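# Remarks on the overall topology
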Amino acid sequence: MDTNYKHIKVIGFDADDTLWVNETYFRDAELEFAKLMAPYETANKIDQELFKKEMDNLPLYGYGVKGFVLSMVEMAIELSNNMVSNATISKILDIGKSMLNKPVELLDGVEDTLNVLSENYRLILITKGDLLDQERKLEKSNLTSYFHHIEVLSDKQESNYAKLLEHLDIEPSEFLMVGNSLKSDILPLVNINAKAIHVPFHTTWLHEQVNTEETEQKKYRTISSLSDLKSILD
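Just so we're clear, the structure is a prediction, and the values are computed from it rather than from any experiment. (Residues numbered from 1 in each chain as written. Predicted model: local features only at pLDDT ≥ 70, side-chain atom pairs only at ≥ 80, totals over all residues. Heavy atoms only, no water.)

### Considerations on the sheet that holds strand S5 (residues 195-198)
Here we have six strands laid out as an open sheet, ordered S3-S2-S1-S4-S5-S6, and parallel in their pairing. Each having just a single partner strand, strand S3 (149-153) and strand S6 (221-222) make up the two edges of the open sheet. Strands strand S2 (122-128), S3 and strand S4 (175-179) of the sheet are contacted by helix H7 (residues 158-167), whose axis makes an angle of about 150° with S3. (Pairing = 2+ DSSP bridges. Helix = DSSP H or I, 4+ residues; strand = E, 2+ residues; numbered from the N terminus. Contact = heavy atoms within 4.5 Å. Axes fitted to C-alpha atoms, helices over the stretch in contact; angles between N-to-C directions.)

Here it is, written out as structure tokens:
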């Protein structure tokens, strides 16, 4: 585990489930969808099929609430064998609108941590998903002023990060990424020789989970709260 951060000049932060609550709302929406589809299939089967549909649609719709809602609509049509009512489709759309209108709930210690670190580091926000939704959440969060740059990526793979760092003229050795997803926020950075700190969230989307083999060569640090960054980087 590499814990030498003395060369770090720029810190990147993930947004969803690192700065504020997000995945919890998706789990709640899945439960609501399962209730709507209960006449056609078991809850477990509905959950499995919805996830498959989301994965099939990722290349088309990308990440975020809108793609999730479209996947639910498609799944409702398929599970019901084209028998689903307009009223049920309307309720599915309402689930999506409710998600988009959720208040932004900051996680513990977020603003204080950003305030302290912004005095000595250049902070940037690197998230993925729907641009409009991410911009809306950032505005609601009142955290915009802490970030020198905000980037909404279509995906978070090594190539995405490498291209962004080059564009911003940031050396990987001077960059630290902080996030809750090993797959999206941590391992890609380690693989391009940047630093990464993992801050787990209590709920992780199945698509973001990684197997133990990928984490055996642990070249990153795990902390329990974003507030721990202040002492680590002091």
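### Some details on the pattern of salt bridges
The tally for this structure, following the rule as stated, stands at 14 salt bridges. Notably, a salt bridge pairs Lys-66 with Asp-130, separated by 3.6 Å at the nearest N-O pair. Within this pair, whereas Lys-66 is found in helix H3 (residues 65-79), its partner Asp-130 is found in the loop between S2 and helix H6 (131-141), the two being separated by 64 residues in sequence. One salt-bridge network, in which partners are shared between bridges, spans Asp-16, Asp-133, Arg-136 and Lys-137. (Salt bridge = Lys/Arg side-chain N within 4 Å of Asp/Glu carboxyl O.)

### Describing the environment of Ser-71
Checked against the element boundaries, Ser-71 lands in helix H3. In sequence terms Ser-71 and Asp-56 are 15 residues apart; their C-alpha atoms lie 9.0 Å from each other. When near neighbours in sequence (up to four residues on either side) are disregarded, Ser-71 contacts Leu-50, Lys-53, Glu-54 and Asn-57.

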